Amino acid sequence: MRIPKLYVENAEKHEGRKVVIENNGKVIRFLDKDEEYSGNGKVLYQVIYDDFDKYVLMGEVTKDMLIEYEVGGVKQLTYIKKGTRLLEIPAEGYKVYPIVDFGCRILEGHRLAALQSRKGDIRFVNTPVNGIVVFLKEVPAKRENYVFYILPEKEIKFEEELYNN
């Protein structure tokens, strides 16, 4: 799987690629490297994907962001507004085997990772909500440790919901 691309609003360090978000996320336009934008939309800049957690504080997204990833050969875009609540689920064990990857849609009760103890016992970490895995972080420690960042389904607004509100 290819590493996703992360675009963030008002990024201090960025890689030059830009995307414009207009009409509250209904219109997404990718700009060429030197192309300027003069409209009333938000300009998001590409940053390093591994810096995702720098834009999340206490489970809340601090800046508008867009994630572009490929799942099963299909490109997907996820637009996350500032203030959106993400669920952070830790997985820690002697050995941790992630079962899902970023971009995967998950249902309540699905397994996120298998945890192996020193004795060889296997346990599982399950998700308490329906949603999308937007980031998977490996935390350096003596024991293997991962954190799954999940965008809960209740935070996802589909087009028909936007028109009704």
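Just above, that's the structure.
Right, let's walk through the structure included here.

Criteria and thresholds
- Residues numbered from 1 in each chain as written.
- Predicted model: local features only at pLDDT ≥ 70, side-chain atom pairs only at ≥ 80, totals over all residues.
- Heavy atoms only, no water.
- Helix = DSSP H or I, 4+ residues; strand = E, 2+ residues; numbered from the N terminus.
- Buried < 20%, exposed > 50% of the residue type's maximum accessible area, 1.4 Å probe, protein only.
- Contact = heavy atoms within 4.5 Å.
- Areas by Shrake-Rupley, 256 points an atom, 1.4 Å probe, with all protein chains shown as cover.
- Lys, Arg positive; Asp, Glu negative; His and termini not counted.
- Charge placed at Lys NZ, Arg CZ, Asp CG, Glu CD.
- Phe/Tyr/Trp six-rings, centres within 6.5 Å; stacked < 30°, edge-to-face > 60°.
- Lys NZ or Arg CZ within 6 Å of the ring centre and 35° of its normal.
- Salt bridge = Lys/Arg side-chain N within 4 Å of Asp/Glu carboxyl O.

**Examining the overall build of the protein chain**
Link 1 in the chain: In terms of helices and strands, the protein chain carries one helix and 15 strands.
Link 2 in the chain: For the protein chain, the spread of C-alpha atoms along the principal axes amounts to about 60 × 35 × 35 Å.
Link 3 in the chain: The buried share of the protein chain, taken over its 165 residues, is 39%.
Link 4 in the chain: The long-range share in the protein chain, meaning contacts at least 24 apart out of those at least 6 apart in sequence, stands at 52%.
Link 5 in the chain: Element-wise, carbon and sulfur atoms account for 47% of the exposed surface of the protein chain, whose accessible area totals about 10200 Å².
Link 6 in the chain: The centroid of the 26 positive side-chain charges in the protein chain is displaced by 5 Å from the centroid of its 27 negative side-chain charges.

**Thoughts on the packing of aromatic side chains**
Link 1 in the chain: Counting across every chain of the model gives six aromatic pairs.
Link 2 in the chain: Arranged with centres 5.2 Å apart and planes meeting at 70°, the rings of Tyr-49 and Phe-135 form a pair that is edge-to-face. Here Phe-135 lies in strand β14 (residues 131-138) and Tyr-49 lies in the loop between β4 (42-47) and β5 (56-57), a separation of 86 residues in the sequence.
Link 3 in the chain: Residue classification places Phe-135 among the buried residues on the basis of a relative accessible area of 2%.
Link 4 in the chain: Judged by centre distance (5.7 Å) and plane angle (70°), the ring pair of Phe-52 and Tyr-149 falls under edge-to-face. One end of the pair, Phe-52, is in the loop between β4 and β5; the other, Tyr-149, is in strand β15 (residues 144-152), with 97 residues separating them in the sequence. The exposure classification of Phe-52 matches that of Tyr-149, with both residues buried.
Link 5 in the chain: The rings of Tyr-49, Phe-52, Phe-102, Phe-135 and Tyr-149 are connected pair by pair, giving a single aromatic cluster.
Link 6 in the chain: Arg-111 extends its terminal NZ or CZ atom over the ring of Phe-124, reaching a point 3.7 Å from the ring centre.

**Overview of the pattern of salt bridges**
Link 1 in the chain: On inspection of all chains with the given rule, the structure shows seven salt bridges.
Link 2 in the chain: A salt bridge links Lys-54 to Asp-51, with the nearest nitrogen and oxygen atoms 3.6 Å apart.
Link 3 in the chain: Accessibility expressed as a relative area gives 60% for Lys-54, which makes it exposed.
Link 4 in the chain: Its salt-bridge partner being Glu-68, residue Lys-75 comes within 3.3 Å of it at the nearest N-O pair.
Link 5 in the chain: Here Glu-68 falls in the buried class, since its relative accessible area comes to 10%.

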